[in-house]
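# Architecture at a glance
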Amino acid sequence: MAVETRQERTAELFREAIDETRELARLEVELAKEELLSELQQAKAGGIAIGVGVGAALSGVTLCFVAIAMAFRMEWLAALVIGGVLLALAALLVLGGYKALPQRPLLGETKERVQTDLKQLKERVA
């Protein structure tokens, strides 16, 4: 009778451990999805800023070339100033876009959480 009770208790503990593991895995997947969406939004914002910066740089370079072509007249100074301002704006946008990109690889925090969870699970089972 005592053996049956111990076996039933062991079976119940295993069922609980399996249920908790399933719940933990489900929660980790949800957290990974949220983290991925957040990082994708950051990457999107950074990519847009870089794209606008590249466009402004292209316009600035074009205006600088126009300024060189117009060097034989007085309008060249205005084109050179506008081109320089656009190049400075492009540099700021590209730098801001680069800083907005995620610095850690995707799912970095999730990987750490999963490793911690596995370590705790091993300690609990052992």
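Residues numbered from 1 in each chain as written. Predicted model: local features only at pLDDT ≥ 70, side-chain atom pairs only at ≥ 80, totals over all residues. Heavy atoms only, no water.

A word on the overall build of the chain. Along its length, the chain carries three helices and zero strands. Helices and strands in the chain line up, N terminus first, as α-α-α. Expressed as a percentage of the 126 residues in the chain, the buried residues total 14%. Long-range contacts, defined as pairs at least 24 residues apart, comprise 79% of the intrachain contacts of the chain with a sequence gap of at least 6. Here the chain has roughly 9800 Å² of accessible surface; of this, 69% comes from carbon and sulfur atoms. (Helix = DSSP H or I, 4+ residues; strand = E, 2+ residues; numbered from the N terminus. Buried < 20%, exposed > 50% of the residue type's maximum accessible area, 1.4 Å probe, protein only. Contact = heavy atoms within 4.5 Å. Areas by Shrake-Rupley, 256 points an atom, 1.4 Å probe, with all protein chains shown as cover.)

To continue, consider the pattern of salt bridges. When the charged atoms of two side chains with opposite charge come close together, those side chains can pair. Tallied over the entire structure, the rule returns four salt bridges. For Asp19, the salt bridge identified is with Arg22, shortest N-O distance 3.8 Å. With Asp19 and Arg22 both in helix α1 (residues 2-69), this residue pair falls three residues apart, about one helical turn. Residue Arg26 pairs with Glu30 through a salt bridge whose shortest N-O separation is 2.3 Å. Taken together, the residues span about one helical turn, with Arg26 and Glu30 both in helix α1 at a distance of four residues. Overall, Arg26 belongs to the partly exposed group, its relative accessible area being 39%. Taking the relative accessible area as the measure of exposure, Glu30 reaches 35% and is therefore partly exposed. (Salt bridge = Lys/Arg side-chain N within 4 Å of Asp/Glu carboxyl O.)

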